[in-house]
Amino acid sequence: MAIETFSLNIAQKVLEKLGSVVLQQVGLAWGAKKDLKRLENTLEAVKAVLLDAEEQSHKNHRLVEWLKKLQVFIYDADDLLDELEYEALRNQALRRSSRKQKAQNPSSFLKTPCSRWKIGCKIKDIRERLDDIDKDRAQFQLSERDAAGDFSSSEREMTHSFVSASDVIGRDHAREEIIKLLMHSDPDDGSISVIPIVGMGGLGKTTLAKFMYNDERVLRHFDLRVWVCVSENFDVKLLVENIIESVCGQICIGLSMETLQKRLREIIEGKRVLLVLDDIWSEDRNKWVHFLSLLKGTVSGSKIIVTTRSHVVASNTGTFDEYELKALPHDESMSLFVKWAFKKGEDRNYPGLVKIGEDIVRKCKGVLLAIRTLGSLLYSKTEEHDWLDIRDSDMWKLEQKETDILSALQLSYDHLPYYLKQCFAFCSVFPKDCRFYDYQLIGMWMAQGFIRSFEDDQELEYIGKQYFNYLYSRSFFQEVEDVGMGSVTCKMHDLVHDLALYVSQDLAVVTHDSSNVNENARHALLCYHDLPQSMLKAKKLRTMLILKLTQMNVCFKFKYLRVLSLSYQKDDDGVKILDSIGGLVHLRYLSFRIRWKLKRLPHSICKLHQLQTLYVYSHSLEELPSNIRHMSGLRDLRLHTERQTRLEAIKYLTSLRTFVN
C-alpha cells in the first residue's frame, strides 16, 4: 500500500521544516526549542524504519494499524508547521507592503502571550502523540533502511497517440477482419451498423480500434470520424456533448437536450460516419436505444465500433456478431516483450535473460498490458538477479481470478523508488479515461511536497518532468501527445488507474461515491453539481478536484487544501464568493474555470502566500490585483482569457518560472 511511502515523504517534509530557520526562531520565541528538538529526533528515528515497515506490513495487521496512526499524526504535524510558515510569509508580505514598518523577526507574529501559549500547547500535543506512537514501535522489531534512490538513466522517448503497424503485434488478422466489416455495404434504411469488440482488460482493444481508426482505407471511406471514451458512466446527454466537442471544439455545458440533439443532427446529416465508443460498461439497453435514435440522418454505410469487456454490452449494442479478442499466443507475446525489454537487436547478446523472460511472459497469460509493463520495468536491466526477482516474486502466488492482471502491474509498482510510488498513487484522483497535461500533474505533485530537490541548482519543475518521464517509460502513462511549448498530455489505462486506486486505498481517496466517506480522507475527486453533506466529514482534505460545481462557497470549509481545481457552472456574482479563498492558507495549487464575467481577480487571492500554481480560465479577465506582487512563491501563472490583461505586477514575481497569457 501507499501508507508507508506517503508517510515517509511527509515525515521528511516535517523534518525539513523543523530544521528551518523560521521554526528555530519560533522555538526560541516562546521557549519551545526543547520540544521541537525532541520531536525532530523521535521523528527521525521513526522515519528510518518506514521502508522495513512497508515490507512487513503485508503480513502484520497490527503493523498496518500502527502505520495508519502514524500517518494521521504526520499529516497533523505537517499542517501545524505549515501554518506557522504561512504566518511568517504573511508577516514578510506585510513588511514589504509598508515602508514605515520596521524590520521584524519572522516569529514576530507570535507577539502576544495568548498566541504563544496556543502554539506552545499544540507543539507539546503533537510531541506527546509521537512519543506514544514511538513506544509502540518496539514491538515490531523494525530495522533501519536507507531511503535513498536514483533514477534509471535509460528512458524511452515520448511518443504521440498515433498507433503504427509495429505497435500492433499479433493483431493483423483481427484488423483485416474488422476493416472488412467497416467497408461492408448496409441497407439504405437509415440504420447504423455496430461492430462490438469484446475482451478482458489489457488485451489491446483500444489500441486495435485506434489503429483501424487511422487506417488509410478508413480515412478514405468515411466522411466523418469521431472518437469518444465512454467508460463507466453511459450518460446519453454527456455522450452527445462529447461528440459535438470532439467535432466542433465547442463546449456544450448548460445546453438543453433539445439543443444538443439539433446540433448533433447538423453535424452528421448526409455524412458517412465512423463513431468509436471506447470502453462501454453500462448494460442498460434502454440508454443504448435512446442514443441510437439520435444518430438518424447519416448516410448508408455509417458504422459504430464499440469496445467493451462485457458480452452483455456486446449483445445489446451489436448488429454484427461480436468480435472477441483473445490473448496473444506465446510467440507473439515474446516478440512484444522483447520489443519493450531490450533495445533493438540487444536481446541477441543476453540469451540467459531471454530464457528468464520466457517464464515471465508465460505468467502474463497473453495480456498485452502486463507484457508491456513488465518489459518496460526490465528495460536496460542486464543483471540476471533483477529478472529473477520478477520471475520469482510472491505476487504471482496470490489467489486471483484467471483474468486478473493486477499482480503483474503491481510488480512494476513495487519496483518504483519510494518517492515515485506516492506520485503514481496520487494519479488515482483523476477520473478514468481523463486526459491531463504533464504540467498540471507536476504542479499538483509540487503542491503536495512530493518533489524534492537534492541539489541547489535543480528546479522543482525539471525534477517533476523527470518523475513524469520515468513513469511514462514504465508504461504507467499512455497515449502521450505533444501539445507544444515543451508540454504533453496523456492518459492512464483503466487497469493502471485501478492499480492506483488499489495502492492508495488506505489514503481514502474519494471518487464518485460519497456515501462512505472516511474522516481521514486526504484526496477527493467529486463529480457532483452540489457538494454532498457527507463530504464535510473529511475536514482535512488536501486535494479537491471538482468537475462541475454550483456551490463554490462550500470548498472553503476545507481549510487544509493544498490543491483545489474546480469548474464553476452558475451565472452569478462569483467574485463575492471568491473573496473567501484567502482563508485557505495551505493552498499551493489553484485552478478554476468560471462562466460568469470576472474582470479582475479578487484581492483575497493575494493572501495565498504559499501559492505556487495559479490557472484561471475566464474569457473576460482584464486585470490582476496589484498586491499579487507580494505572492513571492508563485512559480506558474496561466491566464486563459480573450481580453487584453493588464500585467504591471508580473515583473515583481521573483519566483515565476512560467507565464502564459
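One can find the structure itself at the top, above this paragraph.
Residues numbered from 1 in each chain as written. Predicted model: local features only at pLDDT ≥ 70, side-chain atom pairs only at ≥ 80, totals over all residues. Heavy atoms only, no water.

## Things to note about the overall build of the protein chain
Step number 1: Check the secondary structure of the protein chain and you find 23 helices and 15 strands.
Step number 2: For the protein chain, buried positions account for 54% of its 661 residues.
Step number 3: Taking the intrachain contacts of the protein chain between residues at least 6 apart in sequence as the baseline, contacts between residues at least 24 apart amount to 64%.
Step number 4: Accessible surface, the protein chain: about 29800 Å² in total, of which carbon and sulfur atoms supply 47%. (Helix = DSSP H or I, 4+ residues; strand = E, 2+ residues; numbered from the N terminus. Buried < 20%, exposed > 50% of the residue type's maximum accessible area, 1.4 Å probe, protein only. Contact = heavy atoms within 4.5 Å. Areas by Shrake-Rupley, 256 points an atom, 1.4 Å probe, with all protein chains shown as cover.)

## Some thoughts on the packing of aromatic side chains
One pair of aromatic rings is described through two measures. These are the centre distance and the angle between the planes.
Step number 1: With the rule as written, the count across this model stands at 19 aromatic pairs.
Step number 2: With centroids separated by 5.9 Å and ring planes inclined at 45°, the aromatic side chains of W288 and F291 adopt a geometry described as tilted. One end of the pair is W288 and the other is F291, both in helix α12 (residues 285-293) and 3 residues apart, which spans about a single turn.
Step number 3: When its relative accessible area of 3% is taken as the criterion, W288 is described as buried.
Step number 4: The class of F291 is buried, set by a relative accessible area of 0%.
Step number 5: Here the aromatic rings of Y589 and Y615 are separated by 5.5 Å at their centres, their planes lie at 85°, and the arrangement is edge-to-face. On the criterion of sequence distance, the pair formed by Y589 in strand β12 (residues 589-594) and Y615 in strand β13 (residues 613-617) is long-range, its members being 26 residues apart.
Step number 6: The exposure class of Y589 is buried, given its relative accessible area of 1%.
Step number 7: These aromatic residues form a ring-pair network of at least three members: Y418, Y419, W445 and Y467. (Phe/Tyr/Trp six-rings, centres within 6.5 Å; stacked < 30°, edge-to-face > 60°.)

## Side note on the pairing of strand β7 (residues 478-484)
Step number 1: Bridge analysis of β7 against strand β8 (residues 487-491) gives 4 bridges, and the strand direction is antiparallel. Residue D482 lies in a different strand from β8, and its bridge partner there is V488.
Step number 2: Connecting β7 to the next strand, β8, in antiparallel fashion are 2 residues, including M485 with a positive phi near 55°. (Pairing = 2+ DSSP bridges.)

## Examining the sheet that holds strand β6 (residues 436-437)
Step number 1: With antiparallel pairing, the 3 strands of this open sheet are ordered in space as β6-β8-β7. Two strands in the sheet have a free side with no partner beyond their single neighbour: β6 and β7.

## Focus: helix α22 (residues 494-503)
Because an α-helix completes one turn every 3.6 residues, residues spaced three or four positions apart along the sequence face the same direction.
Step number 1: Burial of α22 is extensive: 7 of the 10 residues sit out of reach of the surface.
Step number 2: For α22, the set of buried residues is D494, L495, V496, H497, L499, A500 and V503.

## Re the nonpolar core
Step number 1: Formed by 127 residues in total, the largest nonpolar core has its most connected members in F424, W445 and F477.
Step number 2: Apart from residues no more than four positions distant in its own chain, F477 is found in contact with C427, F436, L441, F468, L471, Y472, C490, K491 and M492.
Step number 3: Counting residues in each nonpolar core, the second largest holds 41 residues, with I546, F556, F558 and L578 among its members. (Core = buried A, V, L, I, M, F, W, Y, C linked by side-chain atoms within 4.5 Å.)

## Observations concerning unusual backbone geometry
Step number 1: Backbone geometry at S380 places phi at a positive 75°, although glycine is not the residue there.
Step number 2: Position of S380 relative to the elements: it lies in the loop between α16 (368-378) and α17 (384-391).
Step number 3: When its relative accessible area of 27% is taken as the criterion, S380 is described as partly exposed.
Step number 4: One non-glycine residue, M485, lies in the positive phi region at around 55°.
Step number 5: Positionally, M485 belongs in the loop between β7 and β8.

## Notes on the sheet that holds strand β5 (residues 323-324)
Step number 1: Ordered by their spatial adjacency, 5 strands build an open sheet running β2-β3-β4-β1-β5, and the pairing between neighbours is parallel. Of all strands in the sheet, those with a lone pairing partner are β2 (224-231) and β5, marking the two edges.
Step number 2: In terms of strand pairing, β2 meets strand β3 (residues 273-280) through 7 bridges, oriented parallel. Note that in β3 the partner of V226 across the bridge is L275.
Step number 3: Docked against the sheet, α12 engages β1 (193-198), β3 and β4 (303-308), running at close to 160° with respect to β3. (Axes fitted to C-alpha atoms, helices over the stretch in contact; angles between N-to-C directions.)

## Focus: the environment of H609
Step number 1: Inspection of the secondary structure puts H609 in the loop between β12 and β13.
Step number 2: Each C-alpha atom, one on H609 and one on R90, is 6.4 Å from the other, the two residues being 519 residues apart in sequence.
Step number 3: Non-local contacts of H609, meaning those with residues more than four positions away in its chain, are made with Y86, L89, R90, A93, H630 and G633.

## With respect to the environment of I451
Step number 1: Within the secondary structure, I451 sits in the loop between α20 (438-448) and α21 (460-473).
Step number 2: Between the alpha carbons of I451 and E461 there is a distance of 8.5 Å; along the sequence they are 10 residues apart.

## Topic: the pattern of salt bridges
Step number 1: Summed over the entire model, instances satisfying the criterion amount to 39 salt bridges.
Step number 2: D359 is the salt-bridge partner of R391, the closest N and O atoms lying 3.4 Å from each other. Taken together, the residues span a long stretch of sequence, with R391 in helix α17 and D359 in helix α15 (residues 351-364) at a distance of 32 residues.
Step number 3: Residue R391 is classed as partly exposed on the basis of its relative accessible area, which comes to 23%.
Step number 4: For D359, a relative accessible area of 28% translates into the label partly exposed.
Step number 5: Here R635 and E459 are joined by a salt bridge, their closest N and O atoms 2.9 Å apart. (Salt bridge = Lys/Arg side-chain N within 4 Å of Asp/Glu carboxyl O.)

## Side note on helix α8 (residues 205-213)
Step number 1: Among the 9 residues of α8, 7 are classified as buried, and the element is accordingly described as predominantly covered.
Step number 2: The set of residues buried in α8 consists of K205, L208, A209, K210, F211, M212 and Y213.

## Here's the deal with the environment of Y323
Step number 1: For Y323, the position within the fold is in strand β5.
Step number 2: Residues Y323 and G199, 124 residues apart in the sequence, show an inter-C-alpha distance of 8.6 Å.
Step number 3: Ignoring anything within four residues of it in the chain, the contact list for Y323 reads H173, A174, E177, I178, P196, I197 and V198.

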